[in-house]
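# Observations on the model geometry
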Amino acid sequence: MVNSHLPWLSVLWLVPLAASLLIILLPPSQRQLAKWTGLVASVLTLAVAIAVTVGFDKHGATYQFVESHRWIPAFGAGYTLGVDGIAVILVLLTAVLIPLLLVAGWNDGGERDNRGVQAYVALTLAIESMVLISVIALDVLLFYVFFEAMLIPMYFLIGGFGKGSRRSRAAVKFLLYNLFGGLIMLAAVIGLYVVTAQHGSGTFDFREIVTGIATGRFAGVDPAVFKALFLGFMFAFAIKAPLWPLHRWLPDACVEATPATAVLITAVMDKVGTFGMLRYCLQLFPDASTYFRPLIVTLAIIGVIYGAIVAIGQTDMMRLIAYTSISHFGFIIAGIFVMTTQGQSGSTLYMLNHGLSTAAVFLIAGFLIARGGSRSIADYGGVQKVAPILAGTFLVSSMATLSLPGLAPFVSEFLVLLGTFNRYWLAAAFGATALVLAAIYMLWLYQRMMTGPVAKRSEGIVDLKARELIVVAPLIALLLILGVYPKPLLEVINPAVDHTMTTTGQHDPAPRVPVGIPRTAEGPHR
């Protein structure tokens, strides 16, 4: 049994942060030591995350391992941490992926300057630390500080270590989009504090504000104020997630960054956006969330279809994979805002499964590009004949991306569609078309690159090496295991989703009985 009195959550985010600072201080010649220090720190963080997950009582309090200390008493801000079933899933996802990404990007620091390796590893660990504290924070101001702070190390990872010729432009685009969203959110955070101060003592404590909303403390506030505050939060999260049409920064960032950084963006950092929607938008502004629900679900379904259609026309494999993520984020956001238990449970599980499948397909594509020297799909062909393990693992990860039954994303996508159908059957019908479109772009991608005669550029490609197999094997194994047995995760997720539904005053729609069915209880008519 894990000792819940120990500051597990503080240790969770401080270990990678301390390691990041230590690595920066290492001498320029200690490149290997920097890599191993980063890897060991990430494995220690994973161990703490596993301890928190194992110690989390699915039948216990909503928020567990709670730590609360005074931070800025004058503003009602505190250092308050805690995890519910949703946060536990994202903590586990982040902690599992970072060691794999460090191994996958073992040589990504390069020899560009004397401290390139140290900077690369330190920036990766800094992002891990900031993502972790973002999902475990129970203070709105604390969350906001790290929600914004993670942009800086990511900017340097894209612009300083990216492989593309336009990496600087992509980094600036990423930063401007997200900073603008963050500034809007800052105004909303301040506005939320003002509202709490006008109706009692001002506070940033998330649980206190949610309780105040539930008990009618803010009943006198104009609903338009809460709608405006909701939009401030939602705008920032919609950029981070990203939600169509605020997605334009993502494809460029993923193409210009290293494959490991692209995974860090889509599988780890962007999940803070969808997490923010589920925790802050819904629970702080339940009425505003319901008011804007049809609009957001519509935008999400447009994103699902748009991302899939645009992916079909791509000639760059990394850009194609990036657009698949836009489509998948549409599913996640739709599941959150249809406000059904199936939809929200499916979305939370989808965050994890999308992280695993996207990591696998991005990294394997990156290994191929490192061998072939080109991102163009047309340059490859017949790879399965010269590198069968690479082609086979790419096939499995591709099938997971299109949500093939038996692989992890299928369960979560099915739950999202089921939950959406119960509330908006037409939206679910349009969303289901993406299943066909996904089969087109992923199978066509595999066919063009992996089958047929061996292309000239494919002739010298070698199969996955031991270091690369260490990265890919756990991802493939998790996709297979969670595809047939997601029950342990859903048992952790469902109580947190039930709490969110109760907090927002939502109930699953009653089953609809078709009109005109003859009643038989009275017997046949005579």
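All values reported here derive from a predicted model rather than from experimental measurement. (Residues numbered from 1 in each chain as written. Predicted model: local features only at pLDDT ≥ 70, side-chain atom pairs only at ≥ 80, totals over all residues. Heavy atoms only, no water.)

Within the protein, the regular secondary structure consists of 21 helices and 2 strands. Computed over C-alpha atoms, the radius of gyration of the protein comes to 23 Å, within 12% of the 24 Å expected from 2.2 N^0.38 for 526 residues, which places it in the range of a compact globule. Dimensions of the protein, computed from C-alpha atoms along their principal axes, come out at roughly 75 × 75 × 45 Å. Taken across its 526 residues, the protein has 59% of its residues classed as buried. Within the protein, residue pairs in contact and separated by at least 24 positions form 82% of the contacts whose partners lie at least 6 positions apart. In the form shown here, the protein has an accessible surface area of approximately 20200 Å², with 67% of it arising from carbon and sulfur atoms. Separation between the mean location of the 33 positive side-chain charges and that of the 26 negative ones in the protein comes to 6 Å. (Helix = DSSP H or I, 4+ residues; strand = E, 2+ residues; numbered from the N terminus. Rg over C-alpha atoms; globule rule 2.2 N^0.38 Å. Buried < 20%, exposed > 50% of the residue type's maximum accessible area, 1.4 Å probe, protein only. Contact = heavy atoms within 4.5 Å. Areas by Shrake-Rupley, 256 points an atom, 1.4 Å probe, with all protein chains shown as cover. Lys, Arg positive; Asp, Glu negative; His and termini not counted. Charge placed at Lys NZ, Arg CZ, Asp CG, Glu CD.)

What follows concerns the packing of aromatic side chains. All told, the structure shown has 24 aromatic pairs when counted by the stated rule. With 5.4 Å between their ring centres and 55 degrees between their planes, Phe233 and Phe285 make a pair best called tilted. Pair noted here: Phe233 is in helix H9 (residues 223-240) and Phe285 is in the loop between helix H12 (271-284) and helix H13 (286-312), with a separation of 52 residues, a long-range link. Residue classification places Phe233 among the buried positions, given a relative accessible area of 0%. When the ring centre of Phe147 is taken as origin, the NZ or CZ atom of Lys240, which lies over that ring, is 4.3 Å away. Arg448 extends its terminal NZ or CZ atom over the ring of Trp444, reaching a point 3.9 Å from the ring centre. (Phe/Tyr/Trp six-rings, centres within 6.5 Å; stacked < 30°, edge-to-face > 60°. Lys NZ or Arg CZ within 6 Å of the ring centre and 35° of its normal.)

This part covers the UniProt feature "domain: NADH:quinone oxidoreductase/Mrp antiporter transmembrane" (unreviewed entry) in the protein. Feature annotation in UniProt assigns "domain: NADH:quinone oxidoreductase/Mrp antiporter transmembrane" (unreviewed entry) to the following positions: residues 137-430. Taken as a whole, residues 137-430 contains 79% helix and 0% strand, while its terminal C-alpha atoms sit 36 Å from one another. (UniProt positions renumbered as here; feature names shortened; annotations may be inferred.)

Looking now at the environment of Thr266. Assignment of secondary structure puts Thr266 in helix H11 (residues 259-269). Residues Thr266 and Gln506, spaced 240 residues apart in sequence, show a C-alpha to C-alpha distance of 30 Å. Apart from residues lying up to four places away in sequence, Thr266 is in contact with Leu250, Cys254, Lys271, Ser325, Phe329, His354, Thr358 and Phe362.

The next subject is helix H6 (residues 151-161). By the burial criterion, the buried members of H6 are Leu151, Pro153, Met154, Leu157, Ile158 and Phe161. Contacts from the buried residues of H6 go to helix H4 (116-136), helix H5 (140-149), helix H7 (167-198), H9, helix H10 (249-256) and H11.

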